[in-house]
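Descriptive structure summary
Take a look at the letters that make up each chain.
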Amino acid sequence: GGRITKADVEEAALLGGDFERVPLSPMRRAIAQHLARSWQEIPHVTIYGEADATRLLRARTDLAADTRDAAPLESLLIAAIVPVLKEFPTFNATLQGDTLLLHKRYDIGFAVDTTEGLMVTVVRDADRHRPAELARKIVELAVAARERSIAAADLRGATFTISNIGAVGGRFGTPIIPYGTTSILSIGRADLQPAVERDRVVVARRFPLSLSYDHRAIDGATGRRFMSAVVDAIEAYDPAP
């Protein structure tokens, strides 16, 4: 609760008297408990990569023109990455004791920045929806999360998570795996970067990618192969006709 203990008083004396004590909101406490449990129990490994953003960003522009509505980057990323999850099922899984549950459903979580902190909302059966449908669902869930009207069921049960930290200006990071899953991929801002193509240095927009995975279920070689497959999927993205 909010009761101030003797230890709190002693700590305040050490810190000096010039500070404000702000209790965590119920939502912030829930986030803190969830992340602490994940960090304490899951041996995290984080690896990094980069992907040419040209095709995916072009597809996003085309999608926005076709739907005449918002085209969240997550809708294209989910469409690109779900086939990779089908190829690498340990990344769409839950570790329960000595058993790894390989999910046959693709309920993809995506992070939403709210005034109370990041919330992971879930797009159900993402493999069954085309990018335009994914875009609509993502916008609806994001609005509900920010307005605090989202159903509790829409915040649970993700099998894999994508965090678009580029939306708030981020590049690389060390994303924490949501408890009950084995991996999370963060996508940074696609800034112009120098790259080598056919022995020439060119400038192109590139996504910084940060992948964290549970080392109990996934070894380093598999993690690197998955990252390479994600890069290939983003760079070769071609929306279904």
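What this report covers is the structure whose coordinates are included nearby. (Residues numbered from 1 in each chain as written. Predicted model: local features only at pLDDT ≥ 70, side-chain atom pairs only at ≥ 80, totals over all residues. Heavy atoms only, no water.)

1. Comments concerning the overall build of the protein
As a reminder, the rule being used: Numbering of helices and strands runs from the N terminus; a helix is a DSSP stretch of H or I covering at least four residues, while a strand is a stretch of E covering at least two. Remark: exposure states derive from per-residue accessible area (1.4 Å probe, protein chains only) relative to the maximum for the residue type, with buried under 20%, exposed over 50%, and partly exposed in between. Residue contacts are counted whenever heavy atoms from the two residues lie within 4.5 Å of one another. Using a 1.4 Å probe, the Shrake-Rupley method yields the accessible areas, and only the shown protein chains count as cover for residues.
Helix and strand content of the protein: six helices and nine strands. Taken along its principal axes, the extent of the C-alpha atoms in the protein is 65 × 45 × 40 Å. Among the 241 residues that make up the protein, the fraction classed as buried is 43%. Residue pairs in contact within the protein that sit at least 24 positions apart in sequence constitute 65% of those at least 6 positions apart. When the accessible surface of the protein is split by element, carbon and sulfur atoms take 52% of a total near 13500 Å².

2. A closer look at the layout of surface pockets
The condition is simple: In this analysis the probe radius is 1.4 Å and the grid spacing 1 Å, with only protein atoms considered; a cavity is a set of points the probe fits into but cannot get out of, a pocket is an open set with protein on both sides within 12 Å along at least five of seven lines, and lining residues have an atom within 4 Å of a point. Grid points are joined across faces, edges and corners, and a volume is the space filled by probe spheres set on the points.
Empty space within the largest pocket amounts to approximately 1300 Å³. Looking at the largest pocket, it is lined by 50 residues, and the ones nearest its centre are Phe-110, Ala-111, Leu-118, Met-119 and Val-120. Sorting elements by how many residues they give to the lining of the largest pocket places helix H2 (residues 26–41) first, with six residues.

3. Quick look at the environment of Thr-61
Note on placement: Thr-61 falls in helix H3 (residues 54–67). Taking the C-alpha atoms as reference points, Thr-61 and Arg-205, 144 residues apart in sequence, are found 15 Å from one another.

4. Side note on the environment of Arg-29
Along the chain, Arg-29 turns up in helix H2. In this structure, the C-alpha to C-alpha distance between Arg-29 and Ala-144, residues 115 residues apart in sequence, is 20 Å.

5. So, the packing of aromatic side chains
Rules: The criterion for an aromatic pair is that two Phe, Tyr or Trp rings (for Trp, the six-membered ring) have centres within 6.5 Å, with stacked assigned to planes under 30 degrees apart, edge-to-face to planes over 60 apart and tilted to the rest.
Throughout the structure, instances matching the rule amount to six aromatic pairs. Plain terms: the ring middles of Phe-88 and Phe-91 are 6.3 Å apart, the flat faces sit at 80° to each other, and that makes the pair edge-to-face. Of the two residues, Phe-88 and Phe-91, both sit in the buried class. A centroid spacing of 5.6 Å and a plane angle of 85° characterise the contact between Phe-88 and Phe-226, whose relative ring orientation is edge-to-face. Of this pair, Phe-88 sits in the loop between helix H4 (73–87) and strand S2 (93–96) while Phe-226 sits in helix H6 (residues 220–235), and the two are 138 residues apart along the sequence. Here the aromatic cluster, defined as three or more aromatic residues joined through ring pairs, consists of Phe-88, Phe-91, Phe-160, Tyr-213 and Phe-226.

6. Considering the packing of H3 against H4
The condition is simple: Between N-to-C directions, angles span 0 to 180 degrees; the directions come from axes that are lines fitted to C-alpha atoms, helices contributing only their stretch in contact. If an angle is under 35 degrees, it is roughly parallel; if it is over 145, roughly antiparallel; if it lies from 65 to 115, roughly perpendicular; otherwise it is oblique. Take the far helix as your reference; a near helix turned counterclockwise from it by less than a right angle gives a left-handed crossing, and one turned clockwise gives a right-handed crossing. Residues were grouped as follows: Ala, Val, Leu, Ile, Met, Phe, Trp, Tyr, Cys and Pro as nonpolar; Asp, Glu, Lys and Arg as charged; and all remaining residues, including Gly, as polar.
In the contact formed by H3 and H4, the axes pass within 10 Å of each other and the chain directions differ by 120°. Between H3 and H4, the crossing angle belongs to the class labelled oblique. Here H3 and H4 pass one another in a crossing that is right-handed. From H3, Leu-56, Leu-57, Ala-59, Arg-60 and Leu-63 reach across to H4, where they touch Leu-73, Ser-75, Leu-76 and Leu-77. Of the residues in the contact of H3 with H4, the class split is seven nonpolar, one polar and one charged.

7. Side note on the nonpolar core
Put simply, the test is: We call a set of buried residues a nonpolar core when its members are Ala, Val, Leu, Ile, Met, Phe, Trp, Tyr or Cys and they connect through side-chain atoms within 4.5 Å of each other.
In this structure, Ile-78, Ile-108, Phe-207, Leu-209 and Phe-226 are the most contacted members of the largest nonpolar core, which totals 54 residues. Setting aside chain neighbours within four positions, we find Phe-226 in contact with Val-84, Leu-85, Phe-88, Phe-91, Phe-160 and Leu-211.

8. So, unusual backbone geometry
One non-glycine residue, Asp-125, adopts positive backbone phi at about 50°. Residue class for Asp-125 comes out partly exposed when judged on its relative accessible area of 27%. A positive phi angle, near 60°, is found at Arg-148, a position not held by glycine. Within the element layout of this structure, Arg-148 appears in the loop between helix H5 (131–146) and strand S6 (160–164).

9. Some remarks on the pattern of salt bridges
What counts, and what does not: For salt bridges, the criterion is a side-chain nitrogen of Lys or Arg within 4 Å of an Asp or Glu carboxyl oxygen.
For the structure on display, the rule yields 10 salt bridges. The salt bridge partner of Arg-37 is Glu-41, with a shortest N-O separation of 3.4 Å. Pair noted here: Arg-37 and Glu-41 are both in helix H2, with a separation of four residues, about one helical turn. Its relative accessible area of 42% is what places Arg-37 among the partly exposed residues. By relative accessible area, which is 38% here, Glu-41 ends up partly exposed. Shared partners join several salt bridges into a network, and the residues in it are Glu-50, Arg-171, Arg-189, Asp-191 and Arg-206.

All quantities given are derived from atomic positions and should not be read as evidence of function.
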